[in-house]
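The residues making up each chain are set out below.
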Amino acid sequence: MEEVDVEPVITVSNPSHGKHLGFAWGPGDILLFETLYKASGSAGSGCAFIHEVRKDEDIYSPILRKLFNESHHIFVGLQTIREDLPSKNKKPQFVSISKNYRSVIRACMEELQQVAVSTKDAQVAMQYGNQVSILLAIELIWNLCEVLFIDAAPAGSLLLHLLDWVRLHKADVDEKARDVLQSESPAEHHDYWDVVMSYVLQGRLDEARQMLMKQANLQPAARNIYKLMDTLLSKMPFYNPGGNQTLTEFDVKWRHCNKHLEIICKILVGDEDTLLAHKDLLSTWYHFLVTRLLFCHPTVKPTELHYYAQSCLTMFLDSRSVPEPLDSILLAAFEFDIHQVIKDCSIALNNWWFVAHLTDLLDHCKLLQSHNLHFGSNLREFLLLEYASGLFTHHSLWQLAVDYFDNCPEFGRVYLELQIERVPLDTERKALKVLRICEQRQMSEQVRSICKVMAMRALRNNRLGSALSWSIRAKDAAFATLISERFLQDYCARGTFSDLDLIDNLGPAMLLSDRLTFLGKYREFHKLYGEKRFGEAAKLLLSLMTAKIAPRSFWMTLLTDALPLLEQKEVIFSANQTYELMFCLEELTSTLDISTPGGDRPMQEEDLELTKVELLRLALARNLAMAIVKEGTVET
């Protein structure tokens, strides 16, 4: 589940009078700005505001965000299905996954419908109503693709699936039936016969028989006629894929039965004029198609569907009517032209979600293998890349896009590398999310870039510990050196270290740069001194200077740190160590030339340096004498 980092601010753009709007394309949005355009091509003074216009509002809908999140989990699960499984074993899994996608669509649709009904804002209600209409169309197309392509039902079973498809998407008859049954006298309700005819047209004959009984009870004199109609409806044959009857046997039985039904009920014998006369009840040409197949061609083969679909569309629509985009999409599906379905949906729908997920599922069903695009990527990958790129423009849904890029073997990594660099690192928490994604995928260049950005930001805010931590993760020796210098400067100014936990636990990371090594070792010296392990502290302090690890500018501080050790009653530095300290002091004083007055330094500072040098020389001389005496005594 994606986590929301920050909510974006929405600004309404209203250009001032006499000004034009300039624009610049972004990765997912458009930037608008006011400008005074001149005929010569130059621009006058504009305004101080730049406005962002989103081209895909759907990803900012809190309800549709659930669609993106839930479908992401289904998508990831689909990628785990093993390629080496036999097709007959994978088909039930693909059908189940397709139903899961549809259930997510339907859940979002129901929630949008509830909000549209409950809201008092007419504009919001219209917006949600439009989204419901789009999702209805999406679910209608997806369900048909599931029946024709994924489930691929054979003749006989095909019609049963199409009946279920129509019933699912033609629910107004159930609403009418409820109104009729809840009335005081259902058989006298003005919609009574519309409901009966609709049930028959949808092949719901049991429900039609129950409704007819209401009329039989109302008219005892005509009860025998209704009883005969009930018997005829009950004997209407339906093909049962699980039964013992073959398709040929069913066809013979159905045709024999129709000879007897023709006189009684023209609908039951598939009289097309009668079916067309009930266009208002059928409402759509594809509902008319399924009803026509039910009563005229119940054993229709998948390869014959396109002929009946085209003729039904022609018969149902007025000669002056132009097919809607949905009509063209459904017709292409009935023609088994998968690529045309995807192409038309890409043009008609307002985002890439539907085509990306449907194409991915069809590709796993091995239905798109022969179709590659001229510019390298196959159709599945192209659509997934487009969908995921759109998600990356959202302030939190970008996290879902990563898995889609991961499952695009040809260009997915390239897209991810480009898009991940555009994610605004608003907070350290978000930066860590992005960093974790890059580290898991060995995207070393992006890791370094993120760490450098965060390190520089922390340094500007004087958060040295955080800056050092980010520079270590970036393995940036130069920046680690710079921050280490700042730590040492702070120590010289305040006499204490900040962020001790970080410095104490540098471990092997201190080897990233010489200055960082010195910082870690110098802190280690202070710990040894604090633990009264003077011998180890003295040895470490001396090694920092003699091994040239310590910067020359810090030698005076180190020598000053040696003073308390030189003043101890017990001799800490040996004679040789004392000689090395004296050599370091002389080398330092000769370089600094502090004995010569003048220069840019204040007189008071020069006096302080001279005092330090004299104290050090005195302490070193006294320690040397004590060390020689001690060592001579031991030798004796």
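Residues numbered from 1 in each chain as written. Predicted model: local features only at pLDDT ≥ 70, side-chain atom pairs only at ≥ 80, totals over all residues. Heavy atoms only, no water.

Trainee: Looking at this structure, how should I read the overall build of the protein?
Mentor: Helix and strand content of the protein: 29 helices and three strands. Taking all 636 residues of the protein together, 45% fall into the buried category. Considering only contacts in the protein between residues 6 or more positions apart, those separated by 24 or more positions represent 62%. Of the roughly 33200 Å² that the protein leaves accessible, carbon and sulfur atoms contribute 54%. (Helix = DSSP H or I, 4+ residues; strand = E, 2+ residues; numbered from the N terminus. Buried < 20%, exposed > 50% of the residue type's maximum accessible area, 1.4 Å probe, protein only. Contact = heavy atoms within 4.5 Å. Areas by Shrake-Rupley, 256 points an atom, 1.4 Å probe, with all protein chains shown as cover.)

Trainee: Explain the pattern of salt bridges here, please?
Mentor: Pairing is possible between side chains that carry opposite charge, provided their charged atoms lie close to one another. Tallied over the entire structure, the rule returns 17 salt bridges. For E428, the salt bridge goes to R463, with nearest N and O atoms at 3.0 Å. In this pair, E428 sits in helix α20 (residues 428-440) while R463 sits in the loop between α21 (444-460) and α22 (464-474), placing the two residues 35 residues apart along the sequence. Classification of E428 by relative accessible area gives partly exposed; the value is 33%. Classification of R463 as partly exposed rests on a relative accessible area of 38%. Connected through salt bridges with shared partners, the residues K99, R102, R106, E139 and E146 form a single ionic network. (Salt bridge = Lys/Arg side-chain N within 4 Å of Asp/Glu carboxyl O.)

Trainee: Help me understand the packing of aromatic side chains, please; the structure alone is not making it clear to me.
Mentor: The final tally for this structure, using the stated rule, is 18 aromatic pairs. Taken together, a centroid distance of 5.7 Å and an interplanar angle of 70 degrees make the contact between F149 and F336 edge-to-face. Here the residue F149 occupies a position in helix α3 (residues 122-150), and F336 occupies one in the loop between α14 (325-334) and α15 (338-348), the gap between them amounting to 187 residues. On the basis of relative accessibility, which here comes to 33%, the residue F336 falls in the partly exposed class. (Phe/Tyr/Trp six-rings, centres within 6.5 Å; stacked < 30°, edge-to-face > 60°.)

Trainee: I would appreciate a short explanation of the nonpolar core in the present structure.
Mentor: Nonpolar side chains in soluble globular proteins generally cluster together in the buried interior. Core analysis: the biggest nonpolar cluster contains 176 residues, and L162, W165, W285, F334, W353, F354 and L558 have the highest contact counts within it. Ranked by residues supplied to this core, first place goes to α3 with 13 residues. Non-local contacts of L558, meaning those with residues more than four positions away in its chain, are made with F518, Y522, L541, L544, M545 and A550. (Core = buried A, V, L, I, M, F, W, Y, C linked by side-chain atoms within 4.5 Å.)

Trainee: Would you mind going over the packing of α21 against α22 with me for this structure?
Mentor: Two quantities define a packed helix pair, namely the angle between the axes and the distance from one axis to the other. Between α21 and α22, whose axes approach to 8 Å, the crossing angle comes to 165 degrees. Considering their axes alone, α21 and α22 lie roughly antiparallel with respect to each other. Handedness of the α21/α22 crossing: left-handed. Across the interface between the two elements, V447, R448, C451, K452, M454, A455, A458 and L459 from α21 touch L464, S466, A467, W470, S471, R473 and A474 from α22. (Axes fitted to C-alpha atoms, helices over the stretch in contact; angles between N-to-C directions. Parallel < 35°, antiparallel > 145°, perpendicular 65-115°, else oblique. Left-handed = near helix turned anticlockwise from the far one by under 90°.)

Trainee: How should I be thinking about the packing of α3 against α14 in this particular structure?
Mentor: At their nearest, the axes of α3 and α14 sit 10 Å apart, and the two run at 10 degrees to each other. As summarised for this structure, α3 and α14 are arranged roughly parallel, according to the angle between their axes. Of the residues in α14, those in contact with A137, L140, I141, L144, L148 and F149 of α3 are L326, I329, L330, A333 and F334. Here the contact of α3 with α14 is built from residues that sort into eleven nonpolar, no polar and no charged. (Nonpolar A, V, L, I, M, F, W, Y, C, P; charged D, E, K, R; others polar.)

Trainee: What am I meant to see in the environment of L383 here?
Mentor: Relative to the helices and strands, L383 resides in helix α17 (residues 379-391). Along the chain, L383 and W352 lie 31 residues apart, while their C-alpha atoms are 7.0 Å from each other. Excluding its chain neighbours within four sequence positions, the residues that come into contact with L383 are I342, S346, W352, V355, A356 and T359.

Trainee: Help me understand the confidence of the model for the protein in this model?
Mentor: Low pLDDT marks stretches whose predicted atomic positions should not be read closely. Here the protein averages 78 in pLDDT, while 78% of its residues score no lower than 70. Under a pLDDT of 50 for its full length, residues 39-44 has, in the predicted model, six contacts with residues more than four places off or in other chains. Here residues 259-264 is a poorly scored stretch, pLDDT under 50, and it has seven contacts once near neighbours within four places are set aside; other chains count. (pLDDT = per-residue confidence, 0-100.)

Trainee: Help me understand the environment of L330 in this model?
Mentor: By the element assignment, L330 lies in helix α14. Judged by its relative accessible area of 0%, L330 is buried. When near neighbours in sequence (up to four residues on either side) are disregarded, L330 contacts L140, I141, L144, W165, W285 and Y286.

Trainee: What exactly am I supposed to notice about the environment of M456 here?
Mentor: By the element assignment, M456 lies in helix α21. Through-space distance from the C-alpha of M456 to that of S471 is 8.7 Å; in sequence the pair is 15 residues apart.

Trainee: Explain α17 here, please?
Mentor: The periodicity of an α-helix, 3.6 residues per turn, causes residues three or four positions apart to be oriented the same way. When the terminal C-alpha atoms of α17 are compared, their 19 Å separation across 13 residues agrees well with the 18 Å that a helix rising 1.5 Å per residue should span. Burial within α17 is extensive, with ten of its 13 residues counted as buried. When we look at burial in α17, the residues that qualify are L379, R380, E381, L383, L384, L385, Y387, A388, S389 and L391. Where α17 is buried, its residues touch α1 (62-79), α15, α16 (353-364), α18 (398-406) and α19 (412-420). N-capping of α17 is provided by N378, with a side-chain oxygen placed 3.3 Å from the backbone N of R380. (Expected span 1.5 Å × (residues − 1). Polar contact = N/O pair within 3.5 Å; in protein donor to acceptor, adjacent residues only side chain to side chain.)

Trainee: Explanation requested: unusual backbone geometry in the structure shown.
Mentor: Located in the positive-phi region is Q442, a residue other than glycine, with phi close to 50 degrees. Here Q442 lies in the loop between α20 and α21. Residue Q442 is classed as exposed on the basis of its relative accessible area of 60%. Backbone geometry at N462 places phi at a positive 60 degrees, although glycine is not the residue there. Mapping N462 onto the fold places it in the loop between α21 and α22.

Trainee: What is the right way to look at the side chain of Q399 in this model?
Mentor: Summarising the element assignment, Q399 is placed in helix α18. There is a polar contact of 2.9 Å between the side chain of Q399 and the backbone oxygen of S396.

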